[in-house]
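Breakdown of the fold
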Amino acid sequence: MMKTPLTHYSKGGWGRWFSISPFIPQSFTGLRCLFNVLLILAPLNIAIAEPFVPTSRTHVITTLPSFMVTLQRTQKHERQDTAQLSERIQQAQTYLDSAQKNNDPRWMGYAQAALNPWWNISEQYPKVALLKATILQNRHQFPSALVELNSVLNQQPRNTQALLTRAHVYMMQTDYTSAQQDCQRILWLSQPTLGVNCLAQVNGLTGKGLLAIQQLTQLLADNLTLSSTEREEIHITIATIAHRHQQKDVALQNYQKAYAINPNNGYLIEQFTDYLIENNLSEMLITLFSHIGIDNLKKNLHQQIKMAQYYQLVGDTQLSTFKSELDDSFTSSKIRKELFPHKEYALFSLSILNKYNQALHSALKNWKIQQAPSDAILVLRAAIASQQLQQAQSVIQWVKDTRLYDHRIDSLINTIETSRIQT
Amino acid sequence: MIFGIYILRITTFIMLFFSLPTHAHQLSDSYLRITATDENPKYIARWHLGIKDLEMAVGIDKNHDGDITWGEVLDQENTIIQYARSSLDVQQQSLSCPLEISPIALDRLNSGIFIALDMTLLCSSNAPISIRYTPLFALDQSHRGIVTYIDTKGEHVSVIGPDNTTLVLHTPENSTWVTFWQFIKQGIWHIWIGFDHILFLLALLLPSVLSRHHNRWIARTNVKPVFTDVLAIVTTFTIAHSITLLAATLQWITLPIDIVEIIIALSVGIAGLHMLYPIAHQRRWVFAFGFGLIHGFGFASVLGDLNLPSQAFWSSIIGFNLGVEVGQLVIVGALLPLIYGIRGTTIYRQWILPTSACLMIIIGTLWAVERSFSMELINWVARI
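Residues numbered from 1 in each chain as written. Chains lettered and ligands numbered in written order. Predicted model: local features only at pLDDT ≥ 70, side-chain atom pairs only at ≥ 80, totals over all residues. Heavy atoms only, no water.

**Overview of the overall build of chain A**
What counts is decided by this rule: Secondary structure elements are defined from DSSP: runs of H or I of at least 4 residues count as helices, runs of E of at least 2 residues count as strands, and each element is numbered from the N terminus. The buried label goes to any residue with under 20% of its type's maximum accessible area, the exposed label to any with over 50%, and the partly exposed label to all in between, with areas taken from a 1.4 Å probe on protein chains only.
The helix and strand tally for chain A stands at 23 helices and one strand. Split into buried and exposed, the 423 residues of chain A put 55% on the buried side.

**What to know about the packing of aromatic side chains**
All names here are of chain B. The criterion, for reference: Note on ring pairs: Phe, Tyr and Trp rings are taken, using the six-membered ring of Trp, and paired if centres are within 6.5 Å. Classes follow the plane angle, with under 30 degrees stacked, over 60 edge-to-face and the rest tilted. Here, over-ring charges are defined by two tests on the NZ atom of lysine or the CZ atom of arginine: distance to the ring centre within 6 Å, and angle to the ring normal within 35 degrees.
Within the structure shown, the criterion is met by 20 aromatic pairs over all chains. For the pair Trp47 and Tyr133, a centre-to-centre distance of 5.8 Å together with 55° between the ring planes defines the contact as tilted. Here Trp47, found in strand 2 (residues 43-50), pairs with Tyr133, found in strand 9 (residues 130-133); they are 86 residues apart in sequence, far enough to count as distant. Arg212 extends its terminal NZ or CZ atom over the ring of Trp217, reaching a point 4.6 Å from the ring centre. A cation over an aromatic ring shows up here: Arg343 above the ring of Tyr340, its NZ or CZ 3.9 Å from the ring centre.

**Here we look at the pattern of salt bridges**
All names here are of chain A. The cut-off we apply is this: The salt bridge criterion pairs a side-chain nitrogen of Lys or Arg with a carboxyl oxygen of Asp or Glu, the two atoms within 4 Å.
Within the structure shown, the criterion is met by 13 salt bridges over all chains. Asp182 is the salt-bridge partner of Arg166, the closest N and O atoms lying 2.8 Å from each other. Taken together, the positions of Arg166 in helix 8 (residues 160-172) and Asp182 in helix 9 (residues 176-188) put the pair 16 residues apart, joining distant regions of the chain. Taking the relative accessible area as the measure of exposure, Arg166 reaches 9% and is therefore buried. A salt bridge links Glu278 to Arg408; its shortest N-O distance comes to 3.0 Å.

**Here we look at the side chain of Asp29 of chain B**
Heads up, the condition is: Here a residue-residue contact requires only that any non-hydrogen atoms of the pair lie within 4.5 Å.
Inspection of the secondary structure puts Asp29 of chain B in strand 1 (residues 29-36). By relative accessible area, Asp29 of chain B is classed as buried at 8%. If near-sequence neighbours (up to four positions away) are discounted, Asp29 of chain B is found in contact with Ser332 and Arg336 of chain A together with Asp53, Phe114, His143, Arg144 and Ile146 of chain B.

**Considering the confidence of the model for chain A**
Predicted coordinates in regions of low pLDDT should not be interpreted in detail. Filter applied, for reference: Confidence of the prediction at every residue is given by pLDDT, a number between 0 and 100.
Summarising the model, chain A shows a mean pLDDT of 82, and 86% of its residues fall at 70 or more. The low-confidence segment residues 1-48 of chain A, where pLDDT is below 50, has 92 contacts with residues more than four positions distant or belonging to other chains.

Have a look at this one:
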């Protein structure tokens, strides 16, 4: 009997069998196949490695993101118990910028820690409340984010930043009338570029997408002095609306222009990769992935899933590695029992695991939290895949109510309605 | 149009807004695994701390070149250990248990590279302990400590966050059904890792799709005799090892485990030999029964190591035995259709069957030698 300590998996059992496998000559493929079957059926405990000690002092363990190096060099992140509110706000802003620039949501926790002494009394400090709203909104805690934003706007009704953030929260909650009112107020506050872009985003979601594209294209042409950040935002708005309207060339050009300005915008990358996968532009997709880099891709679950989806499409063996890493991430999130990424889990279950009921369950949970076109697509796809068409009803109704046009959504709804007629 | 600095700041903010809402969260976790033992020390632990987290907390990359080398980690070893000590407080009956921390090592988990700290918690007794866990919260409010506590009753996972930094370690009292289920899983686990049992079973099962005529293997034409043959082998093996598993666990019969293990190893070799020279092809169930009795003693030694809970003694034994059966049936279920499908091929009769037999003889013999002389022969041969 081989006794194997329960916590040291790699030393006994199948691990030992691995050491026997060199006995089997290469030519005995049949026998190897038999053993492989057994090994696949066995629990894959061999993946659990034991701690190790590198032999050389010069062995590079990991490479830090450049932002972290800069931060450490300037030591801006240092906890300062005596720090003033203004310094902490500055610090939190730096972390939020980092979250965006590096497409790494981990920095949100750092921003929260910087604001911690004022976190529960944020209503007294509009600047804190605004940053807190951004963090909460990032965690999909939209009602709480709205409480903070309302508090800011009660004290500072002309705070454009708060108005913009609230408009976007309303958009995620499909309260387009309120979103439009906030965008309109921004326009009145002499912020035309912001206002027009904001209104175009609402129009793009309420059946006036082509008009929005036209207005934004005109805005770009008329204002050559726009900042690169403004141009990036406008290109993204045009690209996503054009993407929904199947104006492929317009979408591609604008995605490319926005990406050329800022290659680290996570939202842009998410939409752009969707576009490339949907249109089978695999060469461009490979270029994009290689440009982003594997380490950066792994910072973000959504991008990891897209990468896995690509590997699945082309039949690459790296799929299994990505799959197991993603599985691990979701297990970790489940253990945390908070901020579970339902959208990504739905996408993973649907596209990679082919577990359609699970995908639908998560897609519907996500739909209760946020209602953007991509969330609707996920519910519709999962409902079709799991053959539970009635579960898509709330989304179909939402599309009718908002008059949203998205060729992908239309095609999915057509499939559902055709299936219903046939049955 | 006026586009001042304010607008630039705002647009940066919009971008931030847009880029983040649909993102999933790859947040910072550390993994602390505490095990209660029956011996001294009473508690041991392994703590995995993310290297990037430690970089932010204590600063490892001193030359700021972005590469963290093993040398830089070693230079900061004392700081890291001190940081770990200051952010983990273990208490037992209101007294602190000092932490004895081994030299640091690295560990690669799926979520990245971690510093692994092996620790002994110097508590005076095996009374329950509580921990106060505070690393990184001052820097990162989304950091969580994933704490796994293991004792004889099982393992229990808890999550520590900045709002609940103290945790009393315990595993919930298990109901009989939970214990039963846990032992079923242990049974399945032990048939899988007990490769000698599987190999013995395989040696008896592989010829079941064939019959013997004039010293030659011929594929059986229909499934019924195959099924009867397999059923007889599996059932007799089960009955036999159940008898001795029970007898040994209740300490009615005790055999020296060293001898049992050698006989188990030999049973693999003998079963392999019988595949080459079948003297009783139709009566392989007799082998299954005879050696099954010995294999049962082997299972019993594993069960003995698992500290059977006295309050759920019978459900544990029955659960474990049932688990072994389930594990066995999964193997049979996976193997049988495969070999039934290829039974008529020359490859199976003239190549797979004899090669498997030879391998089983070799492995069984090597195991027997290993176990007789306490050697690591297989690893040694494999290295050559």
